[in-house]
Amino acid sequence: MAKDPVTKPRLPPGFRFRPTDEELVVHYLRRRALSSPLPAAVDIPDIRILAHDPSDLLPPGWSEQERYFFTCKEAKYVKGRRANRATGAGYWKATGKEKPVAVAVPAKGQVQAQAVLVGMKRSLVFYRGKPPTGSKTDWVMHEYRLAGAGLAPCRRTGGDAEVARPAEGWVLCRVFRKKGSASANAAAAAAGEAPASPDERGSDGEEESEEHGAAEEGGAGRAFIDFFARAEGRHQQQRRQRRASSPVVSSSCLTDEQQQQGREQETTSRGAA
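The following refers to the structure shown. Only a predicted model underlies this, so the values are computations on that prediction, with no experimental measurement involved. (Residues numbered from 1 in each chain as written. Predicted model: local features only at pLDDT ≥ 70, side-chain atom pairs only at ≥ 80, totals over all residues. Heavy atoms only, no water.)

So, on to the overall build of the protein. On a plain count of helices and strands, the protein comes out with six helices and seven strands. Helices and strands appear in the protein in the N-to-C order α-α-β-β-β-β-β-β-β-α-α-α-α. Within the protein, buried positions represent 35% of all 273 residues. When the accessible surface of the protein is summed, it comes to about 17,200 Å², and 53% of that surface belongs to carbon and sulfur atoms. (Helix = DSSP H or I, 4+ residues; strand = E, 2+ residues; numbered from the N terminus. Buried < 20%, exposed > 50% of the residue type's maximum accessible area, 1.4 Å probe, protein only. Areas by Shrake-Rupley, 256 points an atom, 1.4 Å probe, with all protein chains shown as cover.)

Here it is, written out as structure tokens:
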């Protein structure tokens, strides 16, 4: 008698996969970059996302209104850093700035936890056709990549205690239809769910080039090589607080100084006379 195929455990009825940005980066993307197994009952497939149309990634009748994938970033040019966003039927266009993903880490001797950078998040919208005349659709993708402490090496458990380094090429993509659109409401109705209100995470803001966002983050992410390292942003915040709390010269002091200068000028003019 043939054995039943081994099936991956699924989430119990009523449970939904709704991770936060921090959980996606730390518990899923970092694990994939380290070639470590994902938590049980979670299936995030590896695909070449540029080889698929968004409607194929989330076909009609899909039980969820969003889906997650692992993929490797592709360079648009051999010697360039710009990412390739073109697909067979259109292209993904970045919107807004790349946003940091940070985790709160308790620090010794301090009551307030410190924010430590672990990744970056970028929002993209799918356009059909050729740039720059493509037509905008309601398909949205959130792309997560490791940065800062998320790229820190990890010492594996075991006899040899091998040190592993995350592969930087991996990204995690969340694909969904923009909340509030007619297509998204129809998909929700087909899945037996109520139409959702506009999702802030799915909103696309002011369009901006990828190079600008990458330049702002630059090499600052690599500075966070330890989860317990102090974030640079916290240093800047403390410096601003110290400046704000420093004593300000009062207007009366300025008035006295101006009066002293006036008296000196009057004495000088009298001596010259």
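From this point on, the discussion continues.
Sheet strands pair by backbone hydrogen bonding; their relative direction is either parallel or antiparallel. Taking strand neighbours across the sheet as the criterion, the five strands line up as E1-E7-E4-E3-E2 in an open arrangement whose pairing is antiparallel. Where the open sheet ends on each side, the last strands, each with one partner, are strand E1 (66-72) and strand E2 (90-105). Averaged over all adjacent pairs, the angle separating strand axes in this sheet is 25 degrees, with direction ignored. Packing of helix H1 (residues 21-33) onto the sheet brings it into contact with E1, E2, strand E3 (114-128), strand E4 (135-146) and strand E7 (170-177), and relative to E4 it is tilted by some 65 degrees. (Pairing = 2+ DSSP bridges. Axes fitted to C-alpha atoms, helices over the stretch in contact; angles between N-to-C directions. Contact = heavy atoms within 4.5 Å.)

A word on the nonpolar core. Among the nonpolar cores identified, the biggest contains 21 residues, and Tyr 28, Leu 29, Ile 44, Phe 70 and Leu 172 are the most heavily contacted of them. Residue assignment for this core shows that the elements contributing at least two residues are H1, E1, E2, E3, E4 and E7. Filtering out sequence-adjacent residues up to four positions away, Leu 29 remains in contact with Leu 24, Phe 70, Tyr 144, Arg 145, Leu 146, Trp 170, Val 171 and Leu 172. In this structure, Ile 47, Phe 126, Met 141 and Val 171 belong to the second largest nonpolar core, which totals 15 residues. (Core = buried A, V, L, I, M, F, W, Y, C linked by side-chain atoms within 4.5 Å.)

Moving on: the side chain of Glu 98. As for its position among the elements, Glu 98 is in strand E2. You can call Glu 98 buried: its relative accessible area is 12%. A polar contact is formed between the side chain of Glu 98 and the side chain of Arg 145, at a distance of 2.8 Å. (Polar contact = N/O pair within 3.5 Å; in protein donor to acceptor, adjacent residues only side chain to side chain.)

In this section: H1. Think of an α-helix as turning once every 3.6 residues; residues three or four places apart then point the same way. The complete set of buried residues in H1 reads Asp 21, Leu 24, Val 25, Tyr 28, Leu 29, Arg 30, Arg 32 and Ala 33. Buried positions along H1 lie against E1, E2, E3, E4, strand E5 (154-155) and E7. The first or second residue beyond H1 is Ser 35, which carries a positive phi of 60 degrees.

Attention now goes to the side chain of Arg 30. Looking at where Arg 30 falls in the secondary structure, it is placed in helix H1. Among the residues examined, Arg 30 registers a relative accessible area of 10% and is labelled buried. A polar side-chain atom of Arg 30 sits 2.6 Å from the main-chain carbonyl oxygen of Gly 150. If we ignore the near neighbours within four places in the chain, the residues touching Arg 30 are Val 25, Leu 146, Ala 149, Gly 150, Leu 151, Ala 152, Pro 153, Cys 154 and Pro 166.

A negative phi holds for most residues other than glycine; trans holds for most peptide bonds. Residue Pro 132 is reached from Pro 131 by a cis peptide bond, and omega for that bond is 5 degrees. When you line up the elements, Pro 132 lands in the loop between E3 and E4. The residue Ser 35 is not glycine, and still its phi comes out positive at about 60 degrees. Within the secondary structure, Ser 35 is located in the loop between H1 and helix H2 (54-57). Judged by relative accessible area, which is 61%, Ser 35 ranks as exposed.

This part takes up the environment of Tyr 68. Of note, Tyr 68 is situated in strand E1. As a C-alpha pair, Tyr 68 and His 142 span 74 residues in sequence and 9.5 Å in three-dimensional space. Excluding anything up to four places from it in sequence, Tyr 68 contacts Phe 17, Pro 19, Leu 24, Ile 44, Pro 45, Leu 172, Cys 173 and Arg 174. For Tyr 68, the side chain forms a polar contact with the side chain of Glu 66, separated by 3.1 Å.

Keep in mind these numbers describe shape, not what the thing actually does.
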